Amino acid sequence: MAESNDKTTRRVTGMPKVIVTRHLMPSVEARMAELYDTTLNTGDVPLSRAQLVDAMQNSDVLVPTVTDTIDKEMIAQAGDRLGLIANFGAGTDHIDLNAARDRGIMVTNTPGVFTDDTADLTLSMIIGVPRRVREGVSLVRKGKWTGWAPSRMLGRQLGGKTLGIIGMGRIGQAVAHRARAFGLKIAYHNRHRLPLAIETMLGAEFHEHEDSLIAASDIVSLHCPATERTIGFYDEGRFALMKDGACLINTARGDLVDQEALIAALESGKLSGAGLDVYPDEPNVDARLLAHPNVMTLPHIGSATAEGREASGEKVIANIRFWADGHRPPDQVLDALV
C-alpha cells in the first residue's frame, strides 16, 4: 500500500483488502465482493477479540458493527496496512477514536440512515408502555383474557402528557415530530440548545439540566450516546426525580441506565413501565425485566429494516471507495481528527 504523509487520505494501489465482521445484506456483500478483495462473515458469528485483532492485522479496511468493541489495546496491535475502519452504523462509542487517530487510521460511520427507523420503534413504545400493550398481548396469548370489562387493563392517555427527550439529535427530533401528532407536549435536554426555529417547529421546551426535565416528564426517552459523562447517568437519584407512574424508554444504549436502579423503580411501582430495545449486557436480559408485566423488551431492532440496512451498507461502500481513491470520505467521524 502506498500512502501519503497525510494518512487520513492515503491512496491504495491495487484492490484493497476488506474484512467484514458480520453478515450484511446480500446485495451489499455482493457489491463489496465485486469492488474489493473481501472476506465476509456469512455465518454471522460475532468475531472474538483475537479474531478482530487478526482481521486488523491483515486488512486495509475493517468493516465492524456496534457489537464489535475496538479498544486502544487492539488498535495498537493493528497492522501497518490498516487505514480505514468503515463502521456499519452511526454510533462509534465502541471504537477508541483517539487511538485510531494516533495510529493514522480513519474512522467512518453511516449517519442518518436509521433515524426514521429508530424513531418509529421508539414511538411504538411511547404508545405501548402507557397503554400496557405488552401485558395485554401476554394475557391473550396465555389464554388468561376473560373478556372486556370497564375497569380492567386501564392505561394512560397520551394527549396532554409531557414527553421528555434526552439527546435532541436527528433521532430525538424525529421522535418529537412524531409524538406531537399524538398530542404529547415536548420537552428536551441537549448539550447545546437547538435554534429557536427548530424549537418552534417541534413545539419543544428546552431544559438546561437533565434533572428538571426528568422531574417534569410523564415519559422520558433516551437518545444520547454512551460517553464517560452519560454511562450510568440515569441512576437511583434520577429515578427518584420521576413522577409516580412515569415511563422510561431507551432505544439508545443500555449502559446509559443503572439497571439495578431501573428494576427497583419498576418493582416499587415508581415507574408504571419501561420500553427497552438495548441492554448493558446484550444479548443477556435480566430475568426481572422479563417478568415485569409492563416492560416491553425488544431485541435491539431499532434499526432493523431492510431499507435501512441496505442504505447503511451502501454508505460503507461509498466511504471505502472515497478513501481508496485518496479522497476524504463523506462520513468521516470528525472526532478522530480532534
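Residues numbered from 1 in each chain as written. Predicted model: local features only at pLDDT ≥ 70, side-chain atom pairs only at ≥ 80, totals over all residues. Heavy atoms only, no water.

Asks: Just to check I follow, could you spell out the packing of aromatic side chains for this structure?
Replies: Each aromatic ring pair is described using two quantities: the centre-to-centre distance and the angle formed by the ring planes. Taken as a whole and judged by the stated rule, the model has four aromatic pairs. Consider the rings of phenylalanine 233 and tyrosine 234, whose centres lie 5.8 Å apart with planes at 70 degrees: the pair is edge-to-face. For phenylalanine 233, a relative accessible area of 7% puts it in the buried group. Given the relative accessible area of 0%, tyrosine 234 is considered buried. A connected cluster of aromatic rings, assembled from ring pairs, spans Phe233, Tyr234 and Phe239. (Phe/Tyr/Trp six-rings, centres within 6.5 Å; stacked < 30°, edge-to-face > 60°. Buried < 20%, exposed > 50% of the residue type's maximum accessible area, 1.4 Å probe, protein only.)

Asks: Could you clarify how one ought to interpret the sheet that holds strand S11 (residues 271-276) in this entry?
Replies: Whether parallel or antiparallel, the strands of a sheet pair through hydrogen bonds between backbone atoms. One open sheet accounts for seven strands, arranged S8-S7-S6-S9-S10-S11-S12; its pairing is parallel. The sheet is open, and its two edges are formed by strand S8 (204-206) and strand S12 (295-297), each paired on a single side. Shown here is a sheet whose adjacent strand axes are inclined to one another by a mean of 20 degrees, direction ignored. The pairing of strand S10 (residues 246-250) with S11 spans five bridges and is classified as parallel. If you follow asparagine 250 over to S11, its bridge partner there is leucine 276. Strands in contact with helix H11 (residues 259-268) are S10, S11 and S12; relative to S11, the strand with the most contacts, it is inclined by about 140 degrees. (Pairing = 2+ DSSP bridges. Helix = DSSP H or I, 4+ residues; strand = E, 2+ residues; numbered from the N terminus. Axes fitted to C-alpha atoms, helices over the stretch in contact; angles between N-to-C directions. Contact = heavy atoms within 4.5 Å.)

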